[in-house]
Amino acid sequence: MTMSLFDQFASPTLLGTPLILLALLIPWLLFPTPSTRWINNPLLTFLNWFLTGLTKQLLLPLNTPAHKWALLLASLMTFLLGMNLLGLLPYTFTPTTQLSINLALAVPLWLATVLTGLRNQLSHSLAHLLPEGTPPPLIPILILIETISLLIRPLALGVRLTANLTAGHLLIHLISSAVSATFSMSPAISLLTFLVLTLLTILEIAVAMIQAYVFVLLLTLYLQENT
């Protein structure tokens with residue numbers, strides 16, 4: 001039973017070919033291409049409004065030199081949001097439930113923020129490792145602690161996204177199994193369980209959107225420290 005619960009997180013294959021690459025590409029294929037017409041269709045208008053508002057919200061705490069990251073952050077948010085929401089559809093696969101995918105996104109982006117700080121403001125970036133007014137005997141310990149906290153940031157980014165999506169998928173799988181198992185014994189209990197499943201699905205949609213936003217928001221906070 002334990003193995004069957006986690007089988008949903010295994011990458012599906014077709015004729016021996018993993019379909020995870022297709023799952024990674026589909027979010028980009030669903031978005032319409034820009035049009036040269038004066039009046040856009042409602043979907044493109046909504047997309048433009050969404051990306052503009054999102055970009056303004058993400059760049060609000062950042063100074064001007066960090067605004068060059070706008071395209072990257074907006075693209076990352078769109079990518080994560082698309083994968084998280086599409087993974088809730090039946091017979092689909094969610095790449096963001098794989099820790100390897102999330103770390104592959106978190107580590108390079110975190111490292112880019114750190115290298116940006118070391119290149120532009122070396123003294124200020126190194127000053128984060130030692131709080132002002134630290135007693136001399138505690139200096140080595142605090143430097144070690146701050147260094148460890150800095151290095152675990154990408155791990156925290158990846159694990160947070162993976163754990164939240166994995167937990168939601170497992171709950172949906174368990175409750176949906178309970179609905180089918182109790183239907184023959186007690187339709188009333190099965191109906192009540194189905195109502196819980198519906199509410200949980202709505203909650204999981206909100207979690208998928210929030211986790212994508214939190215992932216990008218934390219990156220902007222790391223970027224803010226280094227610019």
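Residues numbered from 1 in each chain as written. Predicted model: local features only at pLDDT ≥ 70, side-chain atom pairs only at ≥ 80, totals over all residues. Heavy atoms only, no water.

- In the nomenclature of an unreviewed UniProt entry, the protein is known as ATP synthase subunit a of Glandirana tientaiensis.
- Per UniProt, the protein carries the Catalytic activity (unreviewed entry) text "H(+)(in) = H(+)(out)". (UniProt positions renumbered as here; feature names shortened; annotations may be inferred.)

### Focus on a nonpolar patch on the surface
Now for step 1: Taken together, the side chains of L99, L144, I148, I152, L155 and V159 present a nonpolar region at the surface, about 510 Å² in accessible area.
Now for step 2: Among the secondary structure elements, those contributing two or more residues to the nonpolar patch are α7 (139-151) and α8 (153-182).
Now for step 3: As for its position among the elements, V159 is in helix α8.
Now for step 4: Look at V159 and you get partly exposed, because its relative accessible area is 38%. (Patch = residues over 30% accessible without salt bridge, like charges linked within 9 Å, V, L, I, M, F, W, Y side chains within 5 Å. Areas by Shrake-Rupley, 256 points an atom, 1.4 Å probe, with all protein chains shown as cover. Salt bridge = Lys/Arg side-chain N within 4 Å of Asp/Glu carboxyl O. Helix = DSSP H or I, 4+ residues; strand = E, 2+ residues; numbered from the N terminus. Buried < 20%, exposed > 50% of the residue type's maximum accessible area, 1.4 Å probe, protein only.)

### Quick notes on the side chain of E204
Now for step 1: Position of E204 relative to the elements: it lies in helix α9 (residues 187-225).
Now for step 2: Buried within the structure, E204 lacks any salt-bridge partner; its nearest side chain of opposite charge belongs to R160, at an N-O separation of 14 Å.
Now for step 3: Beyond its immediate sequence surroundings of up to four residues, E204 is in contact with L88, N164, L165, G168, H169 and I172. (Lys, Arg positive; Asp, Glu negative; His and termini not counted. Contact = heavy atoms within 4.5 Å.)

### Re helix α5 (residues 99-120)
Now for step 1: Across its 22 residues, α5 extends 31 Å between first and last C-alpha, which sits within 8% of the 32 Å expected from 1.5 Å per residue.
Now for step 2: By the burial criterion, the buried members of α5 are I101, N102, L105, A106, L109, W110, T113, V114, T116 and G117.
Now for step 3: Residues of α5 that are buried sit in contact with α2 (20-29), α4 (70-86), α6 (122-127), α7, α8 and α9. (Expected span 1.5 Å × (residues − 1).)

### A look at the packing of α5 against α9
Now for step 1: With their axes 9 Å apart at the nearest point, α5 and α9 run at an angle of 20° to one another. Relative to α9, the element α5 is oriented roughly parallel. Remark: the crossing between α5 and α9 carries right-handed chirality. Residues N102, L105, A106, L109, W110 and T113 of α5 form the contact with α9, whose participating residues are F215, L219, Y222 and L223.
Now for step 2: A class-by-class count of the residues in the contact of α5 with α9 yields 8 nonpolar, 2 polar and no charged. (Axes fitted to C-alpha atoms, helices over the stretch in contact; angles between N-to-C directions. Parallel < 35°, antiparallel > 145°, perpendicular 65-115°, else oblique. Left-handed = near helix turned anticlockwise from the far one by under 90°. Nonpolar A, V, L, I, M, F, W, Y, C, P; charged D, E, K, R; others polar.)

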